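The lines below spell out each chain.
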Amino acid sequence: MRVSIRPPRPEDAAAHRAAVLRSVEHLSPWNPVDPDGFHELLRRQGADLQTFLIVNEEDGGIVGKCNVANIVRARFRNAALGYDSYLPYNGTGRMSEGMRLVVDRCFTSWPEGLGLHRLEINVQPDNSRSVAMAKRLGFRHEGFSPRMLYINDAWRDHERFALTAEEWRGL
């Protein structure tokens, strides 16, 4: 693997801000862009949100970020993945490698992993790169949700994808 994953740390703030600023045009059609939101993201980490930075092993740069959000335990053991890739690494396959590591960590039993059973990815239909990522990871299409999320001053439709631990091909 050319990448590794790890939780964000306070000392990542400047590198994360630089990665987001480099990638504003790439990210802004699909997500609100807040280069100064890193400390709030750190504050929100907990039982229902765990973020992983995807780090390039060669130069230590931040390839992307994946939020494992809306984590529900007990009988459901479900979460939603949301991810951003950053320039100059997008299109190199590194984000796919990192996302495979994240999915594997999610399905790995506690305490080494999150011990989840089901993951969801919700993507705006025109975001072809994120749709391709969900499919590349083996997520199956489950349906269409009109006006699902309020993003960039409008309610946005989303395609829904899901994967269970039994379906995961592993690394």
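Our subject is the structure that appears above.
Since we're looking at a predicted model, the values are computed, not measured. (Residues numbered from 1 in each chain as written. Predicted model: local features only at pLDDT ≥ 70, side-chain atom pairs only at ≥ 80, totals over all residues. Heavy atoms only, no water.)

Undergrad: Is there a simple way to think about the pattern of salt bridges in this case?
TA: If the charged atoms of two oppositely charged side chains come close together, the side chains can form a pair. By the definition in use, this model includes ten salt bridges. Residues D36 and R17 are paired through a salt bridge, measuring 2.6 Å at the closest nitrogen-oxygen approach. Taken together, the positions of D36 in the loop between α2 (24–27) and α3 (38–44) and R17 in helix α1 (residues 13–22) put the pair 19 residues apart, joining distant regions of the chain. Residue D36 is classed as exposed on the basis of its relative accessible area of 51%. Each of R118, E120, R140, E142 and E167 takes part in a single network of salt bridges with overlapping partners. (Salt bridge = Lys/Arg side-chain N within 4 Å of Asp/Glu carboxyl O. Helix = DSSP H or I, 4+ residues; strand = E, 2+ residues; numbered from the N terminus. Buried < 20%, exposed > 50% of the residue type's maximum accessible area, 1.4 Å probe, protein only.)

Undergrad: I would appreciate a short explanation of the packing of aromatic side chains in the present structure.
TA: Think of a pair of aromatic rings as described by two things: how far the centres are apart, and how the planes are tilted against each other in angle. For the coordinates displayed, the defined rule picks out two aromatic pairs. Between F107 and W168, the aromatic rings sit 6.4 Å apart at their centres with planes inclined by 50 degrees, giving tilted as the arrangement. You can see F107 sitting in helix α4 (residues 94–107) and its partner W168 sitting in the segment after β7 (154–164), a full 61 residues away along the chain. Taken as a pair, F107 and W168 share a single burial class, namely buried. (Phe/Tyr/Trp six-rings, centres within 6.5 Å; stacked < 30°, edge-to-face > 60°.)

Undergrad: Quick question: what am I supposed to make of the state of the cysteines here?
TA: By definition, a disulfide is the covalent link that joins the sulfur atoms of two cysteine residues. With the rule as written, the count across this model stands at zero disulfides. Of all cysteine sulfurs in the structure, the one in C66 sits closest to C106, which takes part in no disulfide; the separation is 6.7 Å. Given the relative accessible area of 0%, C106 is considered buried. (Disulfide = S-S within 2.5 Å.)

Undergrad: I'm lost on the nonpolar core in this one. Help?
TA: The nonpolar side chains of soluble globular proteins are, as a tendency, buried together. One finds V68, L81 and F139 to be the most contacted residues of the largest nonpolar core, which totals 32 residues. For this core, the elements supplying multiple residues, two or more each, are β1 (3–6), β2 (49–56), β3 (62–72), β4 (78–85), α4, β5 (118–123), α5 (128–136) and β7. Looking at which element gives the most residues to this core, the answer is α4, with seven residues. Setting aside chain neighbours within four positions, we find V68 in contact with D48, L49, Q50, F52, A79, A80, L81, V102, C106, L114 and L116. Ranked by size, the runner-up nonpolar core spans seven residues in total, among them A19, L27, L53 and V55. (Core = buried A, V, L, I, M, F, W, Y, C linked by side-chain atoms within 4.5 Å. Contact = heavy atoms within 4.5 Å.)

Undergrad: I would appreciate a short explanation of the sheet that holds β4 in the present structure.
TA: Strand pairing in a sheet takes place through backbone hydrogen bonds and is either antiparallel or parallel in direction. The seven strands are arranged β1-β2-β3-β4-β5-β7-β6 in an open sheet whose pairing can be described as mixed. Two strands close off the open sheet at either side, each with one partner strand: β1 and β6 (140–151). Strand-to-strand twist of the sheet, defined as the mean angle between neighbouring strand axes without regard to direction, takes the value 30 degrees. Sheet topology places β6 next to β7; eight bridges connect them, and they run antiparallel. Paired with G143 across the bridge in β7 is R160. Relative to β1, α4 is tilted by about 45 degrees, and along the sheet it contacts β1, β2, β3, β4, β5 and β7. (Pairing = 2+ DSSP bridges. Axes fitted to C-alpha atoms, helices over the stretch in contact; angles between N-to-C directions.)

Limitation: the analysis is restricted to geometry and does not speak to function.
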